[in-house]
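Observations on the three-dimensional arrangement
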Amino acid sequence: MLPPGERIYAIGDIHGCLDRLRALHAEIRADLAARPCRCASIIHLGDYIDRGPDSAGVVAYLIGCDLPCVNLMGNHEATALAALDGDGAACADWLAYGGDAALRSWGLDPYGPRSTWRLPPAHIAWMRGLRLMHRAGPYLFVHAGIRPGVPIAAQAPEDLLRIRRPFLDSDADHGAIIVHGHTPTRSRRPERHHNRINLDTGAVYGGPLTCGIFEGEGVEFLSV
Ligand SMILES: [Mn+2]
């Protein structure tokens, strides 16, 4: 369980859905006002950018956010950073998986010369500073999941950012309850298993944006 007085709000994949993010943060602020706690934090599980309408707005909003946030990296941020560093394969992947919408949100031409892909330096620095995982009580917060059978300290970053199978089919006890996003649920509702909790409810595909509220031994969900 989490220590008494501690509450964590963990938010799944955002993908440029700034309006949903603002609405969910407003709900969290209201919850904190109604039920104050000594130590609250908000963990974003990554994939801030791509596909949706306002990637640039999401990054700018989170840079300026005054809530106590822990921001994890998603595979979309990793791919964007590799593309901006000049990796040709990453450029193609970025455009194929929604980077065109992201570049447009920064006022850039996705099909123009790559030398014109100049994001605000503060936005790039923010993406570079994202963390791969966060541990709290019995929970491990990470974007995609972990590779079953590998100790958490020995996990490969590519697995933490991108794994689906065999993590999603695994019944193993991973030594922590893995709280993740990355693979949108078919039901568009959060999914709770004994060894993992999936908070990606497909906001960019017409589902809600969801947070899990972790306190004591319990988990509740809040979707907008
Ligand atoms: Mn992802």
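Residues numbered from 1 in each chain as written. Predicted model: local features only at pLDDT ≥ 70, side-chain atom pairs only at ≥ 80, totals over all residues. Heavy atoms only, no water.

Notes on the environment of Arg189
The criterion, for reference: A run of H or I in DSSP counts as a helix once it spans at least four residues, and a run of E counts as a strand once it spans at least two, with each numbered from the N terminus.
Relative to the helices and strands, Arg189 is located in the loop between β6 (177–180) and β7 (191–192). Expressed as a C-alpha distance, the spacing of Arg189 and Gly202, which sit 13 residues apart in the sequence, is 8.7 Å.

Focus: the side chain of His174
The condition that has to hold: Polar contacts, as used here, are pairs of N or O atoms within 3.5 Å; protein pairs need one atom able to donate a hydrogen and one able to accept it. Residues neighboring in sequence count only if both atoms are side-chain atoms. In this description, contact between two residues means that some pair of their heavy atoms is separated by no more than 4.5 Å.
Mapping His174 onto the fold places it in the loop between α6 (157–162) and β6. A polar side-chain atom of His174 sits 3.4 Å from a polar atom in the side chain of Asn195. Apart from the residues within four sequence positions on either side, His174 is in contact with Ile146, Pro148, Ile152, Phe167 and Asn195.

Focus: the environment of Phe214
In this structure, Phe214 sits in strand β9 (residues 210–215). Along the chain, Phe214 and Gly145 lie 69 residues apart, while their C-alpha atoms are 18 Å from each other. Ignoring anything within four residues of it in the chain, the contact list for Phe214 reads Leu2, Glu6, Arg7, Ile8, Ala10, Tyr139, Phe141, Val179, Ile197 and Val219.

A short note on the coordination of the manganese ion
To keep it simple, the criterion reads: The donor definition counts N, O and S atoms within 2.8 Å of each metal and applies 3.2 Å to Na, K and Ca; water is not among these atoms, so some sites may look incomplete. A simple rule labels every residue: compare its accessible area, found with a 1.4 Å probe on the protein chains alone, to the largest value its type can have, and call it buried under 20%, exposed over 50%, or partly exposed in between.
For the manganese ion, the full set of protein donor atoms is Asp47 (OD), Asn75 (OD1), His143 (NE2) and His182 (ND1), at a range of 2.1 to 2.2 Å. Counting along the primary sequence, the residues that act as donors to the manganese ion give the motif D-x27-N-x67-H-x38-H. In this pair, His143 is assigned in the loop between β5 (139–142) and α6 and His182 in the loop between β6 and β7, connecting sequence segments 39 residues apart. Note on accessibility: His143 and His182 belong to one class, buried.

Looking at the packing of helix α2 (residues 55–63) against helix α5 (residues 121–128)
Working note: a packed helix pair is described by the angle between its axes plus the distance between those axes. Condition: The axes are straight lines fitted to the C-alpha atoms, using for helices just the contacting stretch, and the angles between their N-to-C directions are given from 0 to 180°. Convention used here: angles under 35 degrees read as roughly parallel, angles over 145 as roughly antiparallel, angles from 65 to 115 as roughly perpendicular, and any remaining angle as oblique. Charged residues are taken to be Asp, Glu, Lys and Arg, nonpolar residues to be Ala, Val, Leu, Ile, Met, Phe, Trp, Tyr, Cys and Pro, and polar residues to be all remaining types, Gly included.
At a closest axis distance of 10 Å, the pairing of α2 and α5 adopts a crossing angle of 75 degrees. Taken together, the axes of α2 and α5 lie roughly perpendicular to each other. Contacts between α2 and α5 pair Ala56, Val59, Ala60, Leu62 and Ile63 from the former with Ala122, His123 and Trp126 from the latter. For the contact of α2 with α5, a count of residues per class yields seven nonpolar, one polar and no charged.

Concerning unusual backbone geometry
Of note, the bond from Arg165 into Pro166 is cis; its omega dihedral lies within 30 degrees of zero at 0 degrees. Mapped onto the fold, Pro166 is located in the loop between α6 and β6. Notably, Arg188 is not glycine yet its phi reads approximately 60 degrees, a positive angle. Tracing the sequence through the fold places Arg188 in the loop between β6 and β7.

Some thoughts on the packing of helix α3 (residues 75–84) against α5
In plain terms, the rule: Definitions for this section: a left-handed crossing has its near helix turned counterclockwise from the far helix by less than a right angle. A right-handed crossing has that turn clockwise.
Running from N to C, α3 and α5 cross one another at 125 degrees; their axes reach a closest spacing of 10 Å. Judged by the inter-axis angle, α3 sits oblique to α5. For α3 against α5, the interelement crossing comes out left-handed. Within the contact between the two elements, α3 uses Glu77, Leu81 and Leu84 and α5 uses Ile124, Met127 and Arg128. Its residues placed into classes, the contact of α3 with α5 shows four nonpolar, no polar and two charged.

Things to note about the pairing of strand β10 (residues 218–223)
Put simply, the test is: Two strands qualify as a pair provided that DSSP identifies no fewer than 2 bridges between them.
Two elements, β9 and β10, share six bridges in a ladder whose sense is antiparallel. Its bridge partner being in β10, Gly212 is matched across the sheet by Phe221. Counted along the chain from β9 to the antiparallel partner β10, the turn is two residues long, and its residue Gly216 has a positive phi close to 55 degrees.

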